[in-house]
Amino acid sequence: MTFSRLYSAITRGKWFVDFREVESHQLLIDKLLEHGVDTEDRSPLSERKPLMAYVGDETSMAYTNNFSDAPQGSIAVVSLHGPMLKYGTWCSYGTTEVAEMIDEAVESPRIAGIVLDVDSGGGSVDAIAPLIQSIQKAQQKGKAVVACCDLCASAAYYVVCHCDEIMASNSISAEFGSIGVMMSFKDYAKHYEKEGIVQHTIYSNLSTHKNGPFEAALKGEYDQIKAEELDPLAKQFQEAVKHQRGSRLDANIEGLIAGRMFFADNAQKNGLIDSVGTLEIAVKRAKEIRRDAVVDEYIKLKS
């Protein structure tokens, strides 16, 4: 079951992903598509190794999946590492599982805020919504969400631009951007023809537009799939970034919202991120944002 979900995501999905992420996993992807990976008796990663959070404050942190044991006022550090898929497979956690961990932290009276520890080149489009919903739920509950990132590209950046603050975890390797959408697929028609296999696809007379963009792309005609499938997603991504980053973002920088990547210093100058620090500093910021919000609310009530 977990293999079929992974296979489906690879073959049918649209991706907010940095192309280097695709290239680095190409060998495994090819083996999966050719059924060259042994997937028997492979349970989901979450069943073999439950997702854990790093909980505490900037002076003392410990791993746990039970927030009831956390000291009062703790910050929960939840990891978002590697390619993003909506559902967990035997080799990775799904964003639905990461979102559930965030939700548990939000509901715990012992957790004052959340740090999202990000090291991801992006992933499938449908992996984004669960995390954004959980981030917004935390903010509605008055709990700050700070993203502390190394690689934060494409779908990962789509998610973290909704956080209260974005911090680069270092000024050496931390990189941000790749705001864009891509789609890649293999055409096996000639391969099957060599094997003597001819595939026939027949549509109803009443289904004249069904799979139109994809059928055109198989013929090497990409305009329709760009216009109907990819461009709307790219525009939505760009608008989300501009809305969430607001005046901090210098959208006039060439390629800033059209796919370029920026290392930490330039990302900060261009407004893609707010600061450069460490995970400990990100934990401290989450507490400070929460404290400042409480003070502001108190002042409003008294005024």
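Our structure's up above, just so we're on the same page.
## Regarding the overall build of the protein
Helix and strand counts for the protein stand at 12 helices and 11 strands. Evaluated residue by residue, the protein yields a buried proportion of 44% over its 303 residues. Look at the contacts in the protein between residues 6 or more apart in sequence, and 73% of them connect residues 24 or more apart. Summed over its atoms, the accessible surface of the protein is roughly 16600 Å², and 50% of this surface lies on carbon and sulfur atoms.

## Some words on the packing of aromatic side chains
Going through the model one piece at a time under the given rule, you end up with 3 aromatic pairs. Here the aromatic rings of Tyr158 and Phe237 are separated by 4.5 Å at their centres, their planes lie at 20°, and the arrangement is stacked. Placement of Tyr158 in helix 7 (residues 155–160) and of Phe237 in helix 10 (residues 223–245) is noted, with a sequence separation of 79 residues between them. Since its relative accessible area comes to 8%, Tyr158 is described here as buried.

## Describing the pairing of strand 8 (residues 165–168)
Where a strand is regular, its side chains alternate between the two sheet faces. The two faces of strand 8 match: Glu165 and Met167 on one face and Ile166 and Ala168 on the other face are all buried. Pairing between strand 7 (residues 144–153) and strand 8: 4 bridges, direction parallel. Bridged to Ala147 within strand 8 is Ile166. Handedness of the crossover is the feature at issue here: the chain leaves strand 7, passes through helix 7, returns alongside strand 8, and the resulting connection is right-handed. Alignment of strand 8 against strand 11 (residues 275–276), held across 2 bridges, turns out to be parallel. Note on strand 11: the bridge partner recorded for Met167 is Ser275.

## Some details on the packing of helix 5 (residues 95–107) against helix 6 (residues 128–140)
One can describe the packing of helix 5 onto helix 6 by two numbers: an axis separation of 8 Å at closest approach and a directional angle of 10°. As far as their axial angle goes, helix 6 and helix 5 are roughly parallel. In this structure, helix 5 contributes Thr95, Thr96, Val98, Ala99, Ile102, Asp103, Val106 and Glu107 to the contact, and helix 6 contributes Pro130, Leu131, Ser134, Lys137 and Ala138. Class assignment for the residues of the contact of helix 5 with helix 6 results in 7 nonpolar, 3 polar and 3 charged.

## Quick notes on the pattern of salt bridges
Two side chains that carry opposite charge are able to pair once their charged atoms sit near each other. Applying the stated criterion across every chain yields a total of 8 salt bridges. We note a salt bridge from Arg285 to Glu165, for which the minimum N-O separation is 2.4 Å. Placement of Arg285 in helix 12 (residues 279–302) and of Glu165 in strand 8 is noted, with a sequence separation of 120 residues between them. Of the residues examined, Glu165 reaches a relative accessible area of 16% and is grouped as buried. As a salt-bridge pair, Asp274 and Arg245 come within 3.1 Å of each other at their nearest N and O atoms. Of this pair, Asp274 sits in the loop between helix 11 (264–269) and strand 11 while Arg245 sits in helix 10, placing them 29 residues apart in sequence. Given a relative accessible area of 22%, Asp274 falls into the partly exposed group. Three or more residues are tied together by salt bridges with common partners; here these are Glu165, Arg285 and Glu288.

## Let's talk about the layout of surface pockets
A volume near 430 Å³ is recorded for the second largest pocket. If you go around the second largest pocket, you meet 24 residues; those closest to its centre are Leu51, Ser79, Leu80, His81 and Tyr93. Those elements that provide at least two residues to the lining of the second largest pocket are strand 2 (53–56), strand 4 (74–81) and helix 5. The element that contributes the greatest number of residues to the lining of the second largest pocket is strand 4, accounting for 4 residues. The class makeup of the residues in the lining of the second largest pocket is 16 nonpolar, 6 polar and 2 charged.

## What about the environment of Gly73?
Tracing the backbone through its elements, the reader meets Gly73 in the loop between strand 3 (61–64) and strand 4. Judged by relative accessible area, Gly73 falls into the partly exposed class, the value being 22%. Each residue touching Gly73, except ones within four places of it in the same chain, is listed here: Arg110, Ala112 and Lys287.

## Observations concerning the side chain of Arg245
You can call Arg245 buried: its relative accessible area is 1%. Beyond its immediate stretch of four places on either side in the chain, Arg245 contacts Tyr157, Ile166, Gly271, Leu272, Ile273 and Asp274.

## Structural notes on helix 5
Every α-helical turn comprises 3.6 residues, leaving residues that sit three or four positions apart pointing alike. In this model helix 5 runs 18 Å from its N-terminal to its C-terminal C-alpha over 13 residues, within 8% of the 18 Å that 1.5 Å per residue would give. Along helix 5, the residues that are buried comprise Thr95, Glu97, Val98, Ala99, Met101, Ile102, Asp103, Ala105 and Val106. Where helix 5 is buried, its residues contact helix 4 (45–48), strand 2, strand 4, strand 5 (111–120) and helix 6.

Rules and cut-offs
The residue count restarts for each chain, going from 1 along the sequence in the order it is written. In view of the model being predicted, local features appear only for residues whose pLDDT reaches at least 70, and side-chain atom pairs are presented and counted only at 80 or more, with totals across whole chains, interfaces and linings using the full set of residues. The side-chain figures draw on all heavy atoms in the structure; neither hydrogens nor water molecules are used. Secondary structure elements are defined from DSSP: runs of H or I of at least 4 residues count as helices, runs of E of at least 2 residues count as strands, and each element is numbered from the N terminus. Only protein chains enter the area calculation, which uses a 1.4 Å probe; residues under 20% of their type maximum are buried, those over 50% are exposed, and those in between are partly exposed. It only takes one pair of heavy atoms within 4.5 Å for two residues to be counted as in contact. Here the accessible surface of atoms and residues is derived via Shrake-Rupley with a 1.4 Å probe, and residues count as covered only by protein chains that are part of the display. Any Phe, Tyr or Trp ring, taking Trp's six-membered ring, that has another such ring centre within 6.5 Å forms a pair; planes under 30 degrees apart are called stacked, those over 60 apart edge-to-face, and the others tilted. In this scheme, strands are said to pair when DSSP sees at least two bridges between them. Look down the strands so they point away from you; if the path from the first strand over the helix to the second goes clockwise, the crossover is right-handed. For every element, the axis is a line fit to its C-alpha atoms; helices are fit only across the contacting stretch, and the angle between N-to-C directions ranges from 0 to 180 degrees. Under this scheme an angle from 65 to 115 degrees is roughly perpendicular, one under 35 degrees roughly parallel, and one over 145 degrees roughly antiparallel; angles in between are oblique. Polar here means any residue outside two lists: the nonpolar Ala, Val, Leu, Ile, Met, Phe, Trp, Tyr, Cys and Pro, and the charged Asp, Glu, Lys and Arg; Gly therefore counts as polar. Whenever a carboxyl oxygen of Asp or Glu lies within 4 Å of a side-chain nitrogen of Lys or Arg, that contact is scored as a salt bridge. Lining residues are those with an atom within 4 Å of a point, where the points come from a 1 Å grid over the protein atoms alone and group into cavities, where a 1.4 Å probe fits but cannot get out, or pockets, open sets with protein on both sides within 12 Å along at least five of seven lines. Grid points are joined across faces, edges and corners, and a volume is the space filled by probe spheres set on the points. The span you would expect from a helix comes to 1.5 Å times its residue count less one.

Take it as geometry only, folks, not as evidence of what the structure does.
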